[in-house]
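One letter stands for each residue in the lines below.
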Amino acid sequence: MTRGRTPSTVPMLLTLEPQGAPRHQQIYAALRAAILNGTLRQGDRLPSTRILARDLGVSRTTVLGAYSRLLTEGYGTGKAGAGTRVAALPLSGRRRDAPSASASADDAMPLLSSAARALVTEGKWRNPPRRATPFAMGMPAFELFPLTTWTRLAARRWRLSGRELLLPEDPQGYAPLREAVARYAVTARGVRCTADQVLIVNGAQHALDLCARFLVEPGDAVWMESPGYQPARGVFAAAGARLIDVPVDAEGLDVARGRELAPEARLAFVTPSFQWPLGVTMSLARRLALLDWARDAGAWVVEDDYNGEYRYDTAPIPAMQGLDEHGRVLYVGTFSKTLAPAIRVGYLILPAALVAPFTRARFLLDMHSPVAEQAVLADFIESGHFGRHIRRTRSHYQQRQQAFLALAARELAGLVTVDAAPAGMHVIGLLPPGVSDVAVAEEARRRGVIVEPLSKHLGTAPGSAGLLFGYAAYTPAQMRGAMRALAAAIRAVTSCLP
Ligand SMILES: Cc1ncc(COP(=O)(O)O)c(C=O)c1O
């Protein structure tokens with residue numbers, strides 16, 4: 001046997017977490033990791049249990065427990081407490097040159113399948129910040145979330161249902177939630193459906209992924225709005241779709257252009273209530289034209305109604321699904337905007353023919369959404385709290401947008417031209433000609449302000465430079481501070497222009 005070193009570093013490998021696992025487990029885990037990653041090598045002698053116990057301030061029995069486990073599992077030889085050494089192990093492929101967890105995602109791309117590479121490449125999207133940071137998009141007003149009510153309902157639901165909530169659930173979703181969602185979608189969004197058509201999923205993005213996986217063959221053309229929602233591009237690209245950039249104008253997706261570009265497309269992805277990111281509402285004529293095309297082509301239309309509830313100038317405009325006479329529309333709803341993004345509950349309302357196959361296929365992917373969350377949400381909707389919350393947030397967001405516009409007129413005068421939006425939770429600001437929105441967004445981020453560059457969402461089509469501002473989650477004081485930093489960022493970028 002090799003006479004190894006007597007590493008004086010062993011105690012340094014070990015920092016015991018007072019709140020962590022039992023101490024003998026922590027010692028065992030740290031030594032095991034050191035052996036596996038090559039820090040401790042074959043023949044190296046572990047310190048005596050007495051010395052290690054003294055250095056770590058634990059009892060000798062604690063260290064002996066860890067050593068005996070290492071011996072039992074074959075990591076060491078000798079006797080616990082009497083000259084334990086690292087055993088001979090075939091570890092050549094696991095030494096320090098093993099890929100580190102910190103390797104960048106870009107470097108590791110070749111490790112991924114072509115589907116995952118397409119997802120990452122097309123679905124360009126940054127992780128949202130952990131705190132609502134002006135002007136990050138998609139953030140509702142967290143302070144309005146009715147936490148006390150939610151906590152009370154959750155406690156009550158666990159009391160009433162108890163261990164029922166631990167049992168496997170119907171993969172289509174918890175029945176009372178499907179009932180509540182169907183009632184809400186019919187009355188509030190003009191969807192035509194019954195609870196039997198509702199599939200509960202983990203947010204809109206999950207719904208889009210299921211549509212892509214279950215409906216698109218590699219090579220199929222899929223119409224995407226341009227500019228459009230990048231995460232949707234990602235999931236359709238991952239399914240092997242040929243993405244067709246169909247322009248959006250003042251009436252929404254240009255259906256005639258789509259028919260010219262790819263009349264045979266398998267699917268169209270649209271955001272008719274508040275087009276993402278331009279904020280256009282799709283006209284009735286375009287909705288009907290899109291449904292006619294879908295019927296003629298035997299294509300599917302995925303309607304992402306991610307924030308149709310938030311309309312300020314009129315009553316909310318009913319969903320396109322309600323106009324569909326031929327069962328071509330898959331309607332996607334989410335609680336990410338109306339409640340919070342971390343709720344991770346959304347729903348797909350499916351044409352009758354797709355319910356059974358989608359439910360079966362979804363079961364085989366991830367079984368079903370978490371049951372307790374579904375149950376509490378069902379109670380929240382059924383007891384009227386959801387309707388109240390939407391009315392409250394709607395009037396709040398309208399005021400916040402007005403505050404944003406008034407502040408922008410002062411703080412960003414001459415730098416950003418912002419138009420009011422009749423709906424949604426963000427507005428668009430246009431930059432002066434020649435100023436790069438990507439450069440401004442980067443400079444703003446360095447100064448602690450988050451703005452999305454519009455050009456990033458343009459598919460392959462060219463477009464003007466602008467910034468997307470989420471406003472719903474921010475107080476006027478936060479907005480003012482962030483606008484001042486943004487103004488400085490724009491001046492810094494423009495001062496570098498030739
Ligand atoms: C167009 C669009 N669809 C859907 C969503 C919501 O997705 P999810 O429910 O997965 O959070 C967003 C959120 O930003 C969005 O902008």
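Look above for the structure.
Throughout, residues of each chain are indexed from 1 in the direction in which the sequence is written. Residues qualify for local features only when their pLDDT is at least 70, as the model is predicted, and side-chain atom pairs are given and counted only at 80 or more; totals for whole chains, interfaces and linings, by contrast, use all residues. Side-chain figures throughout are based on the complete set of non-hydrogen atoms in the structure, without hydrogens or water.

Engineer: What is the right way to read the packing of helix 3 (residues 49-56) against helix 4 (residues 60-72) from this model?
Structural biologist: A packed helix pair is summarised by two numbers, namely the angle formed by the two axes and the spacing between the axes. The geometry of helix 3 relative to helix 4 is characterised by a closest axis approach of 8 Å and an angle of 120 degrees between their N-to-C directions. As summarised for this structure, helix 3 and helix 4 are arranged oblique, according to the angle between their axes. The element helix 3 and its partner helix 4 pack so that their crossing is right-handed. Contact residues: helix 3 offers Thr49, Arg50, Leu52 and Ala53, while helix 4 offers Arg60, Val63, Leu64 and Tyr67. Considering only residue class, the contact of helix 3 with helix 4 consists of five nonpolar, one polar and two charged. A fitted line through C-alpha atoms represents every axis, and for helices the fit uses only the stretch in contact; the resulting angles, taken between N-to-C directions, go from 0 to 180 degrees. Secondary structure elements follow DSSP: runs of H or I of four or more residues count as helices, runs of E of two or more count as strands, with numbering from the N terminus. In what follows, roughly perpendicular refers to angles from 65 to 115 degrees, roughly parallel to angles under 35, roughly antiparallel to angles over 145, and oblique to any angle outside these ranges. Should the near helix be turned anticlockwise from the far one by less than a right angle, the crossing is termed left-handed; should it be turned clockwise, right-handed. Contact definition: two residues touch when any of their heavy atoms are within 4.5 Å. Residues are sorted three ways: Asp, Glu, Lys and Arg are charged, Ala, Val, Leu, Ile, Met, Phe, Trp, Tyr, Cys and Pro are nonpolar, and all the rest, Gly among them, are polar.

Engineer: Sorry, what's going on with the packing of aromatic side chains here?
Structural biologist: What describes a pair of aromatic rings is the distance from one ring centre to the other and the angle between the planes of the rings. Here the aromatic set is Phe, Tyr and Trp, taking the six-membered ring for Trp, and pairing holds for ring centres within 6.5 Å; pairs whose planes are under 30 degrees apart are stacked, those over 60 apart are edge-to-face, and all others are tilted. Under the defined criterion, the tally for this structure stands at 18 aromatic pairs. Ring geometry for Phe236 versus Phe269: centroids 6.3 Å apart, planes at 50 degrees, classification tilted. Of this pair, Phe236 sits in helix 9 (residues 230-238) while Phe269 sits in strand 7 (residues 267-270), placing them 33 residues apart in sequence. For the pair shown, Phe236 and Phe269 are each scored as buried. Three or more aromatic residues joined by ring pairs make a cluster, and in this case those are Phe145, Trp150, Tyr184, Tyr331, Phe335, Tyr347, Phe380 and Phe386. Lysine NZ or arginine CZ positioned within 6 Å of the ring centre and within 35 degrees of the ring normal marks a charge as sitting over the ring. Of note, Arg69 hangs over the ring of Tyr28, and the distance from its end group to the ring centre comes to 3.8 Å. Positioned over the ring face of Trp300 is Arg328, at 4.0 Å from the centre of the ring. With a 1.4 Å probe rolled over the protein chains alone, any residue whose accessible area is under 20% of its type maximum counts as buried; one over 50% counts as exposed, and the rest are partly exposed.

Engineer: What am I meant to see in unusual backbone geometry here?
Structural biologist: The phi angle of most residues is negative, glycine excepted, and most peptide bonds adopt the trans form. Cis rather than trans, the peptide bond between Pro134 and Phe135 has omega equal to 0 degrees. Mapped onto the elements of the fold, Phe135 is located in the loop between helix 5 (114-122) and helix 6 (147-161). In this structure, Met367 takes a positive phi of about 65 degrees despite not being glycine. Along the polypeptide, Met367 turns up in the loop between helix 12 (352-366) and helix 13 (371-382).

Engineer: Help me out: how do you make sense of the pairing of strand 5 (residues 242-249) in this one?
Structural biologist: A regular strand places its side chains on the two faces of the sheet in alternate fashion. For strand 4 (residues 221-226) and strand 5, the ladder comprises six bridges, and the chain directions are parallel. Within strand 5, the residue paired with Ser226 across the bridge is Pro247. The path from the first strand over the helix to the second decides the hand: if it runs clockwise while the strands point away from the viewer, the crossover is right-handed. Crossover strand 4 to strand 5 through helix 9 is right-handed. Note: two strands are recorded as paired if DSSP finds a minimum of 2 bridges between them. Of the strand pairs in this sheet, strand 5 and strand 6 (residues 252-253) are connected by two bridges, and their pairing is antiparallel. Residue pairing for strand 6: Val248 is matched across the bridge by Leu253. What sits between the antiparallel neighbours strand 5 and strand 6 is a turn of two residues.

Engineer: What is the right way to read helix 9 from this model?
Structural biologist: Structurally, the α-helix is built with 3.6 residues per turn, so residues lying three or four positions apart point the same way. Burial of helix 9 is extensive: eight of the nine residues sit out of reach of the surface. Its buried side turned inward, helix 9 meets helix 5, helix 8 (204-215), strand 4, strand 5 and strand 7. With its phi angle positive at about 90 degrees, Gly240 sits one or two positions after the end of helix 9.

Engineer: Can you help me understand the environment of Ala361 in this one?
Structural biologist: With respect to the helices and strands, the residue Ala361 is situated in helix 12. Sequence separation between Ala361 and Leu46 is 315 residues, and the spatial gap between their C-alpha atoms is 52 Å.

Engineer: Is there a simple way to explain the sheet that holds strand 14 (residues 466-470) in this structure?
Structural biologist: Spatially, four strands are ordered 11-12-14-13 in an open sheet, and the strand pairing comes out antiparallel. In the strand order of this sheet, the two ends are held by strand 11 (417-418) and strand 13 (452-453), each with one partner. As judged from the two bridges shared by strand 11 and strand 12 (residues 426-430), these two strands associate in the antiparallel manner. Following the sheet pairing, Val418 is matched in strand 12 by Gly429.

Engineer: Honestly, the nonpolar core in this entry has me stumped. Any pointers?
Structural biologist: Inside soluble globular proteins, nonpolar side chains tend to come together where they are buried. Among buried residues, the Ala, Val, Leu, Ile, Met, Phe, Trp, Tyr and Cys ones that are joined through side-chain atoms within 4.5 Å form a nonpolar core. Phe135, Phe404, Phe469 and Leu486 are the most contacted members of the largest nonpolar core, which has 49 residues in total. Mapped by element, the contributors of at least two residues to this core are helix 14 (385-411), strand 12, helix 15 (437-446), strand 14 and helix 16 (476-495). If one sorts the elements of this core by residue count, helix 16 sits on top with nine residues.

Engineer: Looking at this structure, I do not really get the site of the ligand. What am I missing?
Structural biologist: Lining the immediate environment of the ligand, one finds Gly203, Ala204, Gln205, Tyr229, Trp276, Asp304, Tyr306, Thr334, Ser336, Lys337 and Arg344. Think of a polar contact as two N or O atoms within 3.5 Å of one another; within protein, one of them needs to be a possible hydrogen donor and the other a possible acceptor, and neighboring residues in sequence only count if both atoms come from side chains. Here Ser336 contributes a side-chain N or O atom positioned 2.6 Å from an oxygen atom of the ligand. Here the ligand has 400 Å² of accessible area as a free molecule, and 91% of this is covered by the chains. Its residues assigned to classes, the shell around the ligand comprises four nonpolar, four polar and three charged. Working definition: residue near molecule or strand if any one of its non-hydrogen atoms lies within 4 Å of it. Note on areas: Shrake-Rupley with a 1.4 Å probe; residue coverage comes only from the protein chains shown.

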